[in-house]
Each structure stands twice: as C-alpha cells, then as structure tokens.
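# Summary of structural features
What follows is the residue order along each chain.
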Amino acid sequence: VQLQASWGGLVQIGGSLRLSCPASGRSFNNYAMAWFRQAPGKEREFVAAVWASGGKTFYADSVKGRFTISGDSAKDTVDLQMNSLKPEDTAVYYCAADRAWYSSSWPMISNMDYWGKGTQVTVSS
C-alpha cells in the first residue's frame, strides 16, 4: 500500500496550492482519508479529513474556510486545495488513510492505518 503526497512547493502569502495524494495497492473506498502537517519544532497536527466514498468532511479550525479536501474513490485519490495561505501553514504535509471516521475527534487523532511520505509547503513573503 502506498500513499504519496505531491505538489507541495513555495508560495507567497495569500496564494494557493493544491496537494494531491494518489493511493495504490488497495481500494480506499470505505476509508477515511486525511491530511496532517508538521511544522519545524512542532508535533504533527490534523488538517482535514474526508470519507473517500463521499458525504463527510471535517476540518481543523485553523484551516476552515481556506482549505478544501476532496476525495475521488474511483481513482483512490485525495486532494487538498489550500487558499489564502499564511506563513503558519508552512509545514510538511502528509496524507493518511484509516478504516474509521472519527467525527469531532479528528483533531485528537495521531495514529492512522496508513501514512504516506510528506510534501513540503512553504509560505513566504
């Protein structure tokens, strides 16, 4: 099973990026797929989650209204559209998958069934 986050990069304050995470090795149709991030010197934190077959999303308060997570269960891909980026969004972003949906407990989740390698996002002036 492989998850590979991609399309990170350097962007100016207020700019946008779209991360993508294709999954391979199995179907994630009945899985939650999520994005986490880890800034230098900080613990990894939850960003957003989506139920891969549709119908449910959840966002961290820090990104609500700016980020949009979307899943395509037919392609086993999860994307993260990031708008109005701020310097505090600078981090390595990881995609992950889990068989459970954690509802309002998502911000407390740190263990997932599958993790992908991260992609760096840097927001600067």
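As a reminder, the structure under discussion sits directly above these lines.
Everything numeric here is computed off the predicted structure, so don't read it as measured data. (Residues numbered from 1 in each chain as written. Predicted model: local features only at pLDDT ≥ 70, side-chain atom pairs only at ≥ 80, totals over all residues. Heavy atoms only, no water.)

Let us now look at the overall build of the protein chain. If you tally the helices and strands in the protein chain, you get zero helices and 11 strands. The helix and strand sequence of the protein chain, counted from the amino end, reads β-β-β-β-β-β-β-β-β-β-β. Here the C-alpha radius of gyration of the protein chain, 13 Å, is about what a compact globule of 125 residues would show, namely 14 Å. Considering the protein chain as a whole, with its 125 residues, one finds that 45% of them fall into the buried category. Of the roughly 6400 Å² of accessible surface on the protein chain, a fraction of 47% belongs to carbon and sulfur atoms. Computing the positive centroid from 12 side-chain charges and the negative centroid from 10, the protein chain places the two 1 Å apart. (Helix = DSSP H or I, 4+ residues; strand = E, 2+ residues; numbered from the N terminus. Rg over C-alpha atoms; globule rule 2.2 N^0.38 Å. Buried < 20%, exposed > 50% of the residue type's maximum accessible area, 1.4 Å probe, protein only. Areas by Shrake-Rupley, 256 points an atom, 1.4 Å probe, with all protein chains shown as cover. Lys, Arg positive; Asp, Glu negative; His and termini not counted. Charge placed at Lys NZ, Arg CZ, Asp CG, Glu CD.)

Extensive coverage of strand β4 (residues 32-38) is indicated by the burial of six of its seven residues. Between β4 and strand β5 (residues 45-51), which pair antiparallel one after the other, the connecting turn spans six residues, and Gly 41 there sits at a positive phi close to 75 degrees. In the sheet, β4 pairs with strand β9 (residues 91-98) via seven bridges, with the strands oriented antiparallel. Bridge pairing links Phe 36 to Tyr 94 in β9. (Pairing = 2+ DSSP bridges.)

Turning our eyes to something else, we now look at the packing of aromatic side chains. If you walk through the whole model with that rule in mind, you get 10 aromatic pairs. Note on Phe 28 and Tyr 31: the rings are 5.0 Å apart at their centroids and 80 degrees apart in plane angle, and the pair reads as edge-to-face. According to the relative accessible area criterion, Phe 28 is buried, its value standing at 0%. Measuring from centroid to centroid gives 6.2 Å for Phe 46 and Phe 58, while their planes differ by 40 degrees, and the two rings are tilted. Of this pair, Phe 46 sits in strand β5 while Phe 58 sits in strand β6 (residues 57-59), placing them 12 residues apart in sequence. Classification of Phe 46 as buried rests on a relative accessible area of 4%. (Phe/Tyr/Trp six-rings, centres within 6.5 Å; stacked < 30°, edge-to-face > 60°.)

The next point concerns the pairing of β9. With seven of its eight residues buried, β9 lies for the most part within the structure. In terms of strand pairing, β9 meets strand β11 (residues 119-124) through three bridges, oriented antiparallel. Among the inter-strand pairings, Ala 91 is bridged to a residue of β11, identified as Val 121.

One pass over the structure, following the stated rule, counts six salt bridges. For the salt bridge of Glu 45 with Arg 37, the shortest nitrogen-to-oxygen distance reads 2.6 Å. Here Arg 37 falls in the buried class, since its relative accessible area comes to 5%. Counted as one network, the salt bridges with shared partners bring together Arg 37, Glu 45, Arg 66 and Asp 89. (Salt bridge = Lys/Arg side-chain N within 4 Å of Asp/Glu carboxyl O.)

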